[in-house]
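Letter by letter, the chains look like this.
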Amino acid sequence: MSRPEYQAPPEIYYGDAEAKKYTQNTRNQQIQADMTYRALELLNIPPDEPAFLLDIGCGSGLSGEILEEEGHIWAGVDIAPSMLEVALERDIDGDLFLQDIGQGFGFRPGSFDGAISISVLQWLLNAETSHPTSSPPHRLTRFFTTLHSALRNPSRAVFQFYPTSDDQIQLITSIAQKTGFGGGVVVDYPNSKKARKVFLCLFVGGGGTQQQIPKGVEGEDDEQVRFERRREKERKRDVSGKRKNMKDRDWILKKKELYRQRGKEGVPRDSKFTGRKRKPVF
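Note that the coordinates shown come from a computational prediction; the quantities given were computed from them, not determined experimentally.

Caption draft 1: Summary view of the nonpolar core. Formed by 34 residues in total, the largest nonpolar core has its most connected members in Ile-56, Leu-121, Phe-143, Phe-144, Leu-147 and Phe-159. Taken together, the elements giving at least two residues each to this core come down to strand E1 (52-56), strand E2 (73-78), strand E4 (112-118), helix H6 (136-150), strand E5 (151-161), helix H7 (166-178), strand E7 (197-204) and helix H9 (249-261). For this core, the element with the highest residue contribution is H6, accounting for five residues. The residues contacting Leu-147, other than those within four sequence positions of it, are Leu-54, Ile-56, Phe-105, Ala-115, Ala-157, Phe-159 and Phe-181. Grouped together as the second largest cluster of nonpolar side chains are 23 residues, Tyr-37, Ile-66, Val-186 and Phe-203 included.

Next comes the structure, spelled out in structure tokens:
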């Protein structure tokens, strides 16, 4: 079966039925979560520091939920209206924008502390019309140029994507570097057909090309993949075996302060009741 990007444009492929089907699929949820955790690891955000992140191709908010769980504030862009409708129905917390990323962004310079993108970048490699400005190089150039402007200095952007050839990787990487990014490609499990994942890790400022590109996760079989997933889950559990509480008082206060810094209206004031666990109501 061919990949979705070869069947129809994303705003058509992800119609109402497909958007709901994709979101409700537990396998998709797990894959999306695994790749989002890995993207956050490659972003290398200092621990216990909430960041304002851009989720490129946010879809129905599966990645955004992980960002929220990790204590970050996020905004998401997607070209598929049906995906964004599902995200609104799920009552996710991120700000959502209907946006063709191939046309570039209109965000204020330095708006975001970082960006992630899961399974999206390959969509820009398809020309939807014969017009020269619709060609993949033109769309990629607009995308990376405006993204570079929207990120603060220093910061990172991490993209997980599905290239079909080394030529596609070379095209994407070269255009990103021409627009001012440093960095390169990170490949996890390069010797596994099923588990192999390709990430583009880009740097803004902070030494640019002089920064060291992170190393990919090595492994030759699915047992190594399962081990890495178990390790990630265990990292989020305390000594009692229960999942760590990601939304304690300190987490709430940090998030509210970041909301205020970003100019968000209607942020509740702090009080002695902030973060207090409510008693069950019978």
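Caption draft 2: Molecular detail of the side chain of Asp-55. Mapped onto the secondary structure, Asp-55 falls in strand E1. For the buried Asp-55, no salt bridge is present, and the opposite-charge side chain at shortest range is Arg-90, 9.4 Å distant. Those residues within four positions of Asp-55 in sequence are excluded, and the remaining contacts are Ser-63, Gly-64, Leu-67, Trp-74, Ala-75, Gly-76, Val-77 and Ile-116.

Caption draft 3: Representation of unusual backbone geometry in the model. Omega for the bond connecting Asn-153 with Pro-154 falls within 30 degrees of zero, at 0 degrees, which places this linkage in the cis form. Mapped onto the elements, Pro-154 comes out in strand E5. Backbone geometry at Asn-44 places phi at a positive 60 degrees, although glycine is not the residue there. Summarising the element assignment, Asn-44 is placed in the loop between helix H3 (26-43) and E1. A positive phi angle is found at Tyr-189, which is not glycine, with a value near 50 degrees. Its location among the elements puts Tyr-189 in the loop between strand E6 (182-188) and E7.

Caption draft 4: The environment of Arg-249, seen in detail. Looking at where Arg-249 falls in the secondary structure, it is placed in helix H9. Under the relative-accessibility criterion, Arg-249 is labelled partly exposed at 35%. Each C-alpha atom, one on Arg-249 and one on Phe-273, is 9.3 Å from the other, the two residues being 24 residues apart in sequence. Excluding residues that lie within four positions of it along the chain, Arg-249 makes contacts with Ser-271, Lys-272, Thr-274 and Gly-275.

Caption draft 5: Molecular detail of the side chain of Ser-117. Along the chain, Ser-117 falls in strand E4. A relative accessible area of 1% means that Ser-117 is categorised as buried. A distance of 3.0 Å separates the side chain of Ser-117 from the backbone oxygen of Ile-56, its partner in a polar contact. When sequence neighbours within four positions are dropped, the list of residues in contact with Ser-117 reads Ile-56, Val-158, Phe-159 and Gln-160.

So, how was this worked out
Residues numbered from 1 in each chain as written. Predicted model: local features only at pLDDT ≥ 70, side-chain atom pairs only at ≥ 80, totals over all residues. Heavy atoms only, no water. Core = buried A, V, L, I, M, F, W, Y, C linked by side-chain atoms within 4.5 Å. Buried < 20%, exposed > 50% of the residue type's maximum accessible area, 1.4 Å probe, protein only. Helix = DSSP H or I, 4+ residues; strand = E, 2+ residues; numbered from the N terminus. Contact = heavy atoms within 4.5 Å. Lys, Arg positive; Asp, Glu negative; His and termini not counted. Salt bridge = Lys/Arg side-chain N within 4 Å of Asp/Glu carboxyl O. Polar contact = N/O pair within 3.5 Å; in protein donor to acceptor, adjacent residues only side chain to side chain.

Note that every value here comes from positions in space, so none of it alone points to a role or purpose.
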